[in-house]
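Single-letter residue listing:
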Amino acid sequence: MKSNKKTLVLGIETSCDETSAAVVENGAILRSNVISSQMEVHRRFGGVVPEVASRRHVERITEIIQQALNDAHVKQEDLSAIAVTQGPGLVGALLIGVAAAKAMAFAANLPLVGVHHIAGHIYAAHLMQPLQFPLVALVVSGGHTELVYMSDHNRFERLGRTRDDAAGEAYDKVARLLDLSYPGGPEIDRLSKEGKPIIDLPRAWLEPDSLDFSFSGLKSAVINLLHNAKQRGEVIHRADVAASFQESVVEVLTEKAVRAVRKQGVKHLVLAGGVSANSRLRQELLHRCQKENIHLTIPSMELCTDNAAMIAAAGTFRYLDGQTDGLDLNAKPDLSLI
Amino acid sequence: MKLLAIDTSTLVLSVAVLDQYRVLGELTTNLHKNHSVRLMPAVARLLGDLELDASDLDGVAVAAGPGSYTGVRIGFTTAKTIAWSRGIPMVSVSSLAALAMNGLRFPGGVVPLFDARRNRVYTGLFRGETNEMISAKEEKVIHLDQWLSDLRNEGPLLFLGEDTGHFQERITDVLGDQAFFGQGRENIVSAAHLGTLALSCLKRGEVDHMGAVPNYLQLTKAEADWLSKNGGKKNEVSGD
Ligand SMILES: [Zn+2]
């Protein structure tokens, strides 16, 4: 370990379509966070194309790392460790970050730490204000919908997860049905404001005590709704469909998050992941948490979507715990949190 | 001038260290195993055996493709990052040219090839000149039958690469006694050869920049499909 007191960790994140590198000080202070989004590249395909994403990551990765160091006014030799997203995610995309992190760890003689992407999302909140344990985190994005319990740093327990589509995935699919562009989340959120949640759509509560999620039934219900309306020649207001769909998703997410907090007997809830940008989800969760006396933390937008600062933050605590990895670290598309 | 050379563009994993044109060491395996797991430990082990460390390196050479998309990217990203981190030049060299070096002394044309599936191959035609293989026909991904008919009047040809095995009969059918085939070691790329080619590139100042990308030789399927649907320049071959 370096003799200076500051722990400076470089984070690298390439699990999906963002190439990102960041420097975080002591796991809490954001020194830089460079994010190169490929959204424009994938928009014409209506979703992320893994091979296209991997190619773009290779092209950008070195410049992005360089820029993260420059922005932080940090040299390689000032770093304490390198943290990289090991999984879950697209394997070809993950491999680029992992290869770059390992090569740099070797070339600059630095410790290497593999980080779970969901752990990263939760630690995004630590960059806002120190995490207070025990806590429950609701992580919702295009790739995940998870409820996680943390008793302390680096101690994760999964309480629930989606059994089919991630919430963000459901948004993308319904957006496509409504002829909205990709990514679907912001589009549905926007259209919802022009409509009313007057259409009765299902809420998948699953077993009475389950903290799992399921969104495929909801998606099918929207398909049937639009199909039947077309058959009968009825006019259906897209804005009402969007609002009703969003209401169903938000109600389930909010209710299950609050149930998880109660079940675990904790006071702190963290909301993270790209879907936390959703205005209705924020509004509803804030309202419920106020009522239930739960302390809610929602990271800023930049820290909610995929970024390397959250990986650096989570990686710092792994590093300080001595949980470093060897040069044989591999990308794991289905890496489990515990 | 110490150069680290890396090739992970096919099943073969090969790393070598050269001191100018002198080969200090090479580590090569021909296994169906994960390059992501094995590449960095192989580099660390070879340098360790040579009692060198990363700070002793003056350059990094890497196979640029074509080949397995994932394999090429692992090598390319690793090389680019080491070069950037150490502030030393990176040189990327065609994976096919590196394999063709195994036929440097063959008195005729050398044809390295990798299976690109659906009867297509990644290939090119090279001819040896002093210490280098010079490209005589542009590298491409092409249907095997088309390629063989293009090669009819090129005289004796040495086909290299382990994938030549499943095409040998058809190659002989078309080219008869003009076709020769590599044996054992000749079919497996050597990072030392790659390094030798890279040194010549370095001398000519052909160095890659931070935003360099591998040479995949073809668009992704999604891009090719999109272009053909949207009336753009249609790519004749596609796949991933
Ligand atoms: Zn994410």
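If you're wondering where the values come from, they're calculated on a predicted model, not measured in any experiment.

Caption draft 1: Region of the structure containing the domain arrangement of chain B. Residues and elements named next belong to chain B. Looking at the assigned domains, one finds that chain B contains domain 1 (2-94 + 189-216) and domain 2 (96-187). Opposite the 18 residues of domain 1 that make contact, domain 2 presents 15 residues. Counting each side, the surface lost to burial between domain 1 and domain 2 is near 1400 Å², with a carbon and sulfur contribution of 56%. For Arg204, the salt bridge goes to Glu132, with nearest N and O atoms at 3.4 Å. At the boundary of domain 1 with domain 2, the tally comes to 8 residue pairs in polar contact (both at pLDDT 80 or more). Those elements giving two or more residues to the side of domain 1 that touches domain 2 turn out to be β3 (22-30) and α6 (191-203). Residue contributions to the side of domain 1 that touches domain 2 peak at 5 residues, all from α6. Here the residues of the side of domain 1 that touches domain 2 sort into 6 nonpolar, 10 polar and 2 charged.

Caption draft 2: The nonpolar core, seen in detail. Counting residues in each nonpolar core, the largest one holds 96 residues, and the members touching the most others are A:Leu10, A:Ile65, B:Val15, B:Val43 and B:Ile82. Discounting chain neighbours no more than four positions away, the residues touching A:Ile65 are A:Leu10, A:Ile12, A:Ala21, A:Ala100, A:Met104 and B:Trp84. Residues A:Phe213, A:Val249, A:Val266 and A:Ile294 belong to the second largest nonpolar core, which totals 47 residues.

Caption draft 3: Structural detail: the environment of A:Tyr149. Residues and elements named next belong to chain A. Within the secondary structure layout, Tyr149 lies in strand β7 (residues 145-152). When the C-alpha atoms of Tyr149 and Arg238 are compared, they prove to be 37 Å apart, with 89 residues separating the residues in sequence. For Tyr149, the residues in contact, after removing those within four places along its chain, are Pro134, Leu135, Val136, Arg155, Phe156, Glu157, Leu159, Gln264 and Val266.

Caption draft 4: Region of the structure containing the coordination of the zinc ion. All names here are of chain A. For the zinc ion, the protein coordination sphere consists of His117 (NE2), His121 (NE2) and Asp306 (OD), at 2.1 to 2.2 Å. Considered as a linear motif, the donors of the zinc ion on their single chain read H-x3-H-x184-D. Within this pair, whereas His121 is found in helix α4 (residues 117-123), its partner Asp306 is found in the loop between α10 (301-304) and α11 (308-320), the two being separated by 185 residues in sequence. Both residues of the pair, His121 and Asp306, count as buried.

Rules behind the numbers
Residues numbered from 1 in each chain as written. Chains lettered and ligands numbered in written order. Predicted model: local features only at pLDDT ≥ 70, side-chain atom pairs only at ≥ 80, totals over all residues. Heavy atoms only, no water. Domains from an automatic or database assignment. Contact = heavy atoms within 4.5 Å. Buried area = accessible area lost by both parts, 1.4 Å probe. Salt bridge = Lys/Arg side-chain N within 4 Å of Asp/Glu carboxyl O. Polar contact = N/O pair within 3.5 Å; in protein donor to acceptor, adjacent residues only side chain to side chain. Helix = DSSP H or I, 4+ residues; strand = E, 2+ residues; numbered from the N terminus. Nonpolar A, V, L, I, M, F, W, Y, C, P; charged D, E, K, R; others polar. Core = buried A, V, L, I, M, F, W, Y, C linked by side-chain atoms within 4.5 Å. Buried < 20%, exposed > 50% of the residue type's maximum accessible area, 1.4 Å probe, protein only. Donors = N, O, S within 2.8 Å, 3.2 Å for Na, K, Ca; no water.

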